[in-house]
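Working through the structure, step by step
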Amino acid sequence: MEYTIAVLKGDGIGPEIVNETIKVLDAVSEKTGIQFEFQDYLLGGAAYDQTGSPLPEETVAGCKNADAVLLGAVGGERWDTLPASLRPEAGLLGIRKALGLYANLRHVKIFEPLRNSSPLKNELIAHGLDIMIVRELTGGIYFGKKGREGEDTAFDTERYSRFEVERIARTAFGLAQKRAKRLCSVDKANVLESSRLWREVVIETATDYPDVALSHMYVDNCAMQLIRNPGQFDVVVTSNMFGDILSDEASMLSGSIGMLASASLANGAFGLYEPIHGSAPDIAGQNKANPLATVLSASMMLRYSLGEAVAADLIDNAVEAVLKAFRTADIYEEGFTLVSCSEMGDRVAALLRA
Ligand code: NAD
C-alpha cells in the first residue's frame, strides 16, 4: 500500500522530532513494504515568517488531499506579540477546524521500562497502564452560547445534540473493539441535563457494539479513580470540557510529556497525529528533544487512519525495546545510555530493520 502523509513540522523542536519520526517510518517501509509519500507544508510561526499567515491555504488543501497528517508542534516567544489571528496557535486551531476533527484521542501508556517515571506508586500500576481517552472536540461548553448579563454576571452554555454524542460514542466504541473491549462513559448525569442526554445516547448506541462492556462514571469520581485505580480503564469517552481536564490529569500518570501521543479524528479514517507537548523552545535546535511522543503518534496514525495495525505494533515494540537501554535527557535514569534526539531515532529505526 502507498499512503500520502501531509507533514507539518512547525516550530521549535517540531522539525527535529518529525525528522526522527520520518526516519522511523522509512524503516517501517523497508520492513513491511508499506510506502509513504511525505509532503511538507508550513504551519505556525514558520508559516507566518514565510507567507504572513500561520495557516496558508496550500497547507489546508495539502492536508485535505492526504491520507493523514503528521504534526510536530508550533509556537515560540518570537511570535507571542503578534495579534491573536496571526499567532502560531491560530494556525493549529485553524487546521483542526478546517479538517473537521471532532474526536481527540490521548493514549496514556506506561512502557514497562519507564515505570519508575510515573508519580504513582508501583503497586497501582503493577499490571501496566494503557488508557485511551476520547474527548469530544468540537461541541459542548467551549462552543456554546456565552455572554454577560450586566456588570456582575456571566454565563457559558453546555449544549450537546444527539448527533454529536452518537458520533463520538461510535468512535469510542470502535476503538474499544480494537482494544480490551471496555468503554467507560464519563458524565455528570446526576446534575446536568446535557449529561443525561449524553448517557441516554451512549446507551442506545451500545446496542450496535454488543462485544464492548459499557460502564458509566461521574466525572468527579473519574478524576479520583484515575489516581486510585487507573488500571480499571480501557477506553474513556467524555465531553469536551471533562475530556480537557481528565486527559491532562491522565497524561501526568505516565510521568513524561515527551512520551505521549495523540490523534484528532474526522469522519471516516482521516486524522491528524501529534505529540501532546509543545515546541519546547528552551531545547530547540540542540538535538536534545525526546522524539518518541511523535514516533508513537505515527504509530497511532498507522493503526487508526491507515489500518496498518501490524506496522503500528512493530513501532510500539521497538520503542519499548529501545527504552530498556537508551534514554533522552527528559527520561534519563542512572544505568542507561544517554542519547540525543537523532540517536534515539537511529536506535528505533535500527531495531525495526533488524
Ligand atoms: P512545552 O510542551 O513546549 O514544554 C514544556 C517543558 O517540557 C519544557 O521544559 C520542554 O523543554 C519540555 N519538553 C516538551 N517536549 C519535550 C520533548 N519532546 N522532549 C524533551 N522535553 C520536552 O510547553 P510550553 O513551554 O508551555 O510551550 C512552548 C511553546 O509551545 C509555546 O509557544 C506554546 O504555545 C506552544 N505549544 C504548542 C502546542 C502544540 O503545538 N500542540 C502545545 C502546547 C504548547
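This next bit is on the overall build of the protein chain. Looking only at helices and strands, the protein chain features 11 helices and 14 strands. For the protein chain, whose C-alpha radius of gyration is 20 Å, the value lies close to the compact-globule estimate of 20 Å for 354 residues. Structurally, the protein chain occupies a C-alpha span of about 55 × 50 × 40 Å along its principal axes. Burial statistics for the protein chain: of 354 residues in total, 53% are counted as buried. Taking the contacts inside the protein chain whose residues are at least 6 apart along the sequence as the reference set, 75% of them involve residues at least 24 apart.

Around the ligand there are 19 residues in total, and E89, G278, A280, D282 and N290 lie nearest to it. A distance of 2.9 Å separates an oxygen atom of the ligand from a polar backbone atom of V74. Between E274 and the ligand, the recorded distance is 3.5 Å, taken from a side-chain N or O atom to a nitrogen atom. Coverage of the ligand by the protein amounts to 68% of the 810 Å² it exposes when considered alone. Split by residue class, the shell around the ligand holds nine nonpolar, six polar and four charged.

Turning our eyes to something else, we now look at the packing of aromatic side chains. A full pass over the atoms with the stated rule returns four aromatic pairs. Ring centres of Y3 and F36 lie 6.5 Å apart, and the angle between their planes is 35 degrees; on these two criteria the pair is classed as tilted. Of this pair, Y3 sits in strand β1 (residues 2-10) while F36 sits in strand β2 (residues 35-40), and the two are 33 residues apart along the sequence. Taking relative accessible area as the criterion, F36 reaches 12% and is therefore assigned buried. Members of the aromatic cluster, joined through ring pairs, are Y3, F36 and F38. A cation sits over an aromatic face here: R167 above Y102, 4.0 Å from the ring centre. The cationic tip of R327 hangs over the ring face of F336; the distance from NZ or CZ to the ring centre is 3.8 Å.

Moving on, we get to the domain arrangement of the protein chain. The domain architecture assigned to the protein chain consists of domain 1 (1-104 + 258-354) and domain 2 (119-254). Taking the mean C-alpha position of each, domain 1 and domain 2 sit 25 Å from one another. Contact residues are listed per partner, giving 12 residues for domain 1 and 15 residues for domain 2. For the pair domain 1 and domain 2, the two sides together bury roughly 1100 Å², of which 64% comes from carbon and sulfur. Ranking the residues of domain 1 by area buried against domain 2 places Y102, N104 and Y304 at the top, with a combined share of 58%. Inspection of the region where domain 1 meets domain 2 yields zero salt bridges. At the boundary of domain 1 with domain 2, the tally comes to three residue pairs in polar contact (both at pLDDT 80 or more). Elements represented by at least two residues in the side of domain 1 that touches domain 2 include exactly β4 (103-109), β11 (261-265) and α9 (292-305). Considering each element in turn, the side of domain 1 that touches domain 2 owes the most residues, three residues, to α9. Taken together, the residues of the side of domain 1 that touches domain 2 break down into eight nonpolar, three polar and one charged.

With that settled, consider the sheet that holds β2. The strand order across the open sheet built from 10 strands is β2-β1-β3-β12-β11-β4-β5-β10-β8-β9, with neighbouring strands paired in mixed fashion. The open sheet has two edge strands with one neighbour each: β2 and β9 (213-218). If you compare each strand with its neighbour and ignore which way they point, the axes differ by 25 degrees on average. Packed on one face of the sheet, helix α6 (residues 193-206) meets β5 (130-136), β8 (182-187), β9 and β10 (235-238) and runs near 170 degrees to β9.

Let us look at the environment of E136. Note on placement: E136 falls in strand β5. Relative accessible area serves as the criterion here: at 1%, E136 is assigned to the buried category. Filtering out sequence-adjacent residues up to four positions away, E136 remains in contact with Y102, Y160, R167, I168, W198, T238, S239 and N240. Among the polar contacts listed, one links the side chain of E136 to the side chain of T138, at a separation of 3.2 Å.

So, how was this worked out
Residues numbered from 1 in each chain as written. Predicted model: local features only at pLDDT ≥ 70, side-chain atom pairs only at ≥ 80, totals over all residues. Heavy atoms only, no water. Helix = DSSP H or I, 4+ residues; strand = E, 2+ residues; numbered from the N terminus. Rg over C-alpha atoms; globule rule 2.2 N^0.38 Å. Buried < 20%, exposed > 50% of the residue type's maximum accessible area, 1.4 Å probe, protein only. Contact = heavy atoms within 4.5 Å. Near = heavy atom within 4 Å. Polar contact = N/O pair within 3.5 Å; in protein donor to acceptor, adjacent residues only side chain to side chain. Areas by Shrake-Rupley, 256 points an atom, 1.4 Å probe, with all protein chains shown as cover. Nonpolar A, V, L, I, M, F, W, Y, C, P; charged D, E, K, R; others polar. Phe/Tyr/Trp six-rings, centres within 6.5 Å; stacked < 30°, edge-to-face > 60°. Lys NZ or Arg CZ within 6 Å of the ring centre and 35° of its normal. Domains from an automatic or database assignment. Buried area = accessible area lost by both parts, 1.4 Å probe. Salt bridge = Lys/Arg side-chain N within 4 Å of Asp/Glu carboxyl O. Pairing = 2+ DSSP bridges. Axes fitted to C-alpha atoms, helices over the stretch in contact; angles between N-to-C directions.

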